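# Close look at the chain arrangement
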Amino acid sequence: ATARESIHMLLTYVAEQMSSPSHPHGCLMMMATTTTSGASPQLQAALAKLRASSRAKMRERIARGIGAGELPHDTDASALASFYGTVMAGMAAMAHDGATRKTLLATVEAAMRSWPEKRAARVKAAA
């Protein structure tokens, strides 16, 4: 899969899992940040490490996509991974508040419209 397809599949999977009737809505890794802030520094550190790892994996996949020419060469892989990580955190809050799968999937599609597109190569006019 391309970098774009990989991120899209990840966000779609997250939306489906967060809205599954067989699971609590939201995401422990995201929601525990707001619900256990002072209760356990060790838990907070462990969750922060997991979130950082998730962003790092997205950044690595995006960077590979840049290297493969799937994205513009000046794409900031870290910023793009942070953006999609923020989208996932927002979806967790939405799911926790009862957002439907349809709403979360619409959020995924809106977020994917922010994906950097390769610019068409300029063609020099023949003199």
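Keep in mind the model is a prediction, meaning the values are calculated, not measured.

The rules behind the values
Residues numbered from 1 in each chain as written. Predicted model: local features only at pLDDT ≥ 70, side-chain atom pairs only at ≥ 80, totals over all residues. Heavy atoms only, no water. Helix = DSSP H or I, 4+ residues; strand = E, 2+ residues; numbered from the N terminus. Expected span 1.5 Å × (residues − 1). Buried < 20%, exposed > 50% of the residue type's maximum accessible area, 1.4 Å probe, protein only. Arc of directions from axis to C-beta. Contact = heavy atoms within 4.5 Å. pLDDT = per-residue confidence, 0-100. Polar contact = N/O pair within 3.5 Å; in protein donor to acceptor, adjacent residues only side chain to side chain. Phe/Tyr/Trp six-rings, centres within 6.5 Å; stacked < 30°, edge-to-face > 60°.

### What to know about helix H5 (residues 101–112)
Here H5 spans 16 Å end to end across twelve residues, near enough to the 16 Å set by a 1.5 Å rise per residue. Taken residue by residue, H5 has Leu104, Val108, Ala111 and Met112 as its buried positions. Taken down its axis, H5 places every buried residue within 100° of arc, on the same side. In the core, the buried residues of H5 are packed alongside helix H1 (3–18) and helix H4 (77–96).

### Section: the confidence of the model for the chain
Averaged over all residues, the pLDDT of the chain equals 86, while 82% of them reach at least 70. Here helix H2 (residues 28–35) is the element of the chain with the lowest mean pLDDT, 57, and H5 is the one with the highest, 98. Within the model, pLDDT remains below 50 along residues 122–127, and this stretch shows zero contacts once partners closer than five positions in the same chain are excluded.

### Notes on H4
When the terminal C-alpha atoms of H4 are compared, their 29 Å separation across 20 residues agrees well with the 28 Å that a helix rising 1.5 Å per residue should span. Of all the residues in H4, the buried ones are Ala77, Leu80, Ala81, Tyr84, Gly85, Val87, Met88, Met91, Ala92 and Ala95. Angular distribution of buried residues about the axis of H4 spans 150°; they occupy a single face of the element. The N-capping residue of H4, defined by a side-chain oxygen 3.1 Å from the backbone nitrogen of serine 78, is aspartate 76. Downstream of H4 by a residue or two, glycine 98 has a phi angle that is positive, lying close to 105°.

### With respect to the packing of aromatic side chains
Applying the stated rule across the entire model yields two aromatic pairs. For the ring pair phenylalanine 83 and tyrosine 84, a centre distance of 4.8 Å and an interplane angle of 75° mean the geometry is edge-to-face. Residue classification places tyrosine 84 among the buried positions, given a relative accessible area of 0%. Relative to tryptophan 115, the ring of tyrosine 84 lies with its centre 5.9 Å away and its plane at 40°, an arrangement referred to as tilted. Of this pair, tyrosine 84 sits in helix H4 while tryptophan 115 sits in the segment after H5, placing them 31 residues apart in sequence.

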